[in-house]
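Residue-level listing of the chains:
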Amino acid sequence: MTTSLPFLLVDAFTTTPLGGNPCAVVLDADELSIETMQRLAREFNQSETAFVRRSSVAEFGVRYFTPAEEIPLAGHPTIATITALLHTGRLTLTGATTTLQLELLEGPIRIDVEAPATSHEPPQVLMTQRRPVFGSLHDPAVVMPLFGLTADDLAPGAPIQTVSTGTPQLMMLVRDHDALRRASLPDPAGLDRYRAASDFFSPHLFCLGGATAAGDTFARHFCTPPDVAEDPVTGSATGGMAAYLWHYGHLQKPEFIAEQGHWLGRPGTVTVSIKGPREAIESIQIGGTGVVVVEGLLRV
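Model, not experiment: these values are computed from the prediction. (Residues numbered from 1 in each chain as written. Predicted model: local features only at pLDDT ≥ 70, side-chain atom pairs only at ≥ 80, totals over all residues. Heavy atoms only, no water.)

Trainee: Mind laying out the overall build of the protein, listing which residues take part and the relevant values?
Mentor: The secondary structure content of the protein amounts to six helices and 18 strands. For 300 residues, the compact-globule formula gives about 19 Å, and the C-alpha radius of gyration of the protein, at 18 Å, lands near that figure. Projected onto the principal axes, the alpha-carbon positions of the protein cover approximately 55 × 40 × 35 Å. A buried classification covers 54% of the 300 residues belonging to the protein. In the protein, once contacts between residues fewer than 6 apart in sequence are set aside, the share between residues at least 24 apart is 64%. Side chains of the protein give 20 positive and 32 negative charges; the mean places of these two sets differ by 1 Å. (Helix = DSSP H or I, 4+ residues; strand = E, 2+ residues; numbered from the N terminus. Rg over C-alpha atoms; globule rule 2.2 N^0.38 Å. Buried < 20%, exposed > 50% of the residue type's maximum accessible area, 1.4 Å probe, protein only. Contact = heavy atoms within 4.5 Å. Lys, Arg positive; Asp, Glu negative; His and termini not counted. Charge placed at Lys NZ, Arg CZ, Asp CG, Glu CD.)

As structure tokens, then:
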């Protein structure tokens, strides 16, 4: 028996089609098994695919899959999911700010949607991520060569550390844009071996100073097959990066603009707000807009 499900392709963290990070959003996915969702994520072959389902504890449930595996929390699929729900009329704005919850794999998270000033602008979707958890410290002499870099390419005194605001990511603050541009994955299998023995999902390399004058940080996010080689704009890792930068004193203020994807031809912008003191961060909120570029019917 064939099931037909609506789906959308949404570019997140951008106001321009074909910018930011694309995400497939499958609606009415309650009857899909985990195996089928994983196979569909591989079929769509985006960095993540979101599957929207009913929830008994939140307005909507959603599960996130990369082509390789399910992940508990992701930023750009959250922006894309809310954009898709608004576009299809499944979610309506109730005022200047509409607050709701999404039930993810490990429980609900808060979403705030800010209505645009004009009908020509997209709503701003704000995602409150989980309280940051600082995990393992990593040896630069071991980790940096995995990206074709040396320990001297790190910012002075910057530890390499796993940080999670819902999905654990490897945080690497490099010295400057030159070091960030030189980063690569000369041996993806080597990164896979290191990752399998460690506590993180994927690595996030970043530096201070945006790709444009509007940005405060710039980042690259690497993955290994069958996932995409480099993620254009990574919301969950931006949350972990914010926690890292605030905790270690690299930010002067708790609100900033994170940029990513410009060197891939998919520029993305993430607004970031950190709540709580450096030694006891309470939460990280990231925000962005989305653009629907494809609507279709999925037959499985």
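From this point, the discussion proceeds with the structure in view.
Trainee: Tell me about helix α6 (residues 235–247), and name the residues and values.
Mentor: In this model, α6 (13 residues) spans 18 Å end to end at C-alpha, consistent with the 18 Å of a helix rising 1.5 Å per residue. Of all the 13 residues making up α6, twelve are buried; the element is thus mostly covered by neighbouring parts of the structure. Phi for Gly249, located one or two positions after α6, is positive at around 80°. (Expected span 1.5 Å × (residues − 1).)

Trainee: How would you sum up helix α1 (residues 34–44)? Please name residues and give values.
Mentor: For α1, every residue scored as buried is listed here: Met37, Gln38, Leu40, Ala41 and Phe44. Angular distribution of buried residues about the axis of α1 spans 160°; they occupy a single face of the element. Turned more than 90 degrees from where α1 packs its buried face, Glu35, Arg39 and Glu43 sit exposed. On its buried face, α1 is in contact with β1 (4–12), β2 (21–26), β3 (49–53), β4 (60–65), β5 (70–71) and β18 (290–299). Just past α1, the residue Asn45 takes up positive phi, approximately 60°. (Arc of directions from axis to C-beta.)

Trainee: Outline the packing of aromatic side chains, supporting the account with residue identities and numerical values.
Mentor: Going through the model one piece at a time under the given rule, you end up with seven aromatic pairs. Plain terms: the ring middles of Phe206 and Tyr244 are 5.7 Å apart, the flat faces sit at 80° to each other, and that makes the pair edge-to-face. Taken together, the positions of Phe206 in strand β12 (residues 202–208) and Tyr244 in helix α6 put the pair 38 residues apart, joining distant regions of the chain. Take Phe206: its relative accessible area is 0%, and that puts it in the buried class. Assessed through its relative accessible area of 0%, Tyr244 is described here as buried. The ring centre of Trp263 lies 3.9 Å from the NZ or CZ of Arg181, which sits over that ring. The aromatic ring of Trp246 is capped on one face by Arg278, whose charged end is 3.9 Å from the ring centroid. (Phe/Tyr/Trp six-rings, centres within 6.5 Å; stacked < 30°, edge-to-face > 60°. Lys NZ or Arg CZ within 6 Å of the ring centre and 35° of its normal.)

Trainee: Talk me through the pairing of strand β8 (residues 124–128); I want residue IDs and the actual numbers.
Mentor: Every other side chain in a regular strand lies on the same face of the sheet, so the side chains alternate between the two faces. Of all five residues in β8, five are buried; the element is thus mostly enclosed. Of the two faces of β8, the one holding Gln124, Leu126 and Thr128 and the one holding Val125 and Met127 are both buried throughout. In this structure, strand β7 (residues 107–114) lies alongside β8, joined through five bridges in antiparallel fashion. Directly across from Val113, in β8, lies its bridge partner Val125. As paired strands, β8 and strand β17 (residues 283–288) are joined by four bridges and run antiparallel to one another. Bridged to Met127 within β17 is Ile286. (Pairing = 2+ DSSP bridges.)

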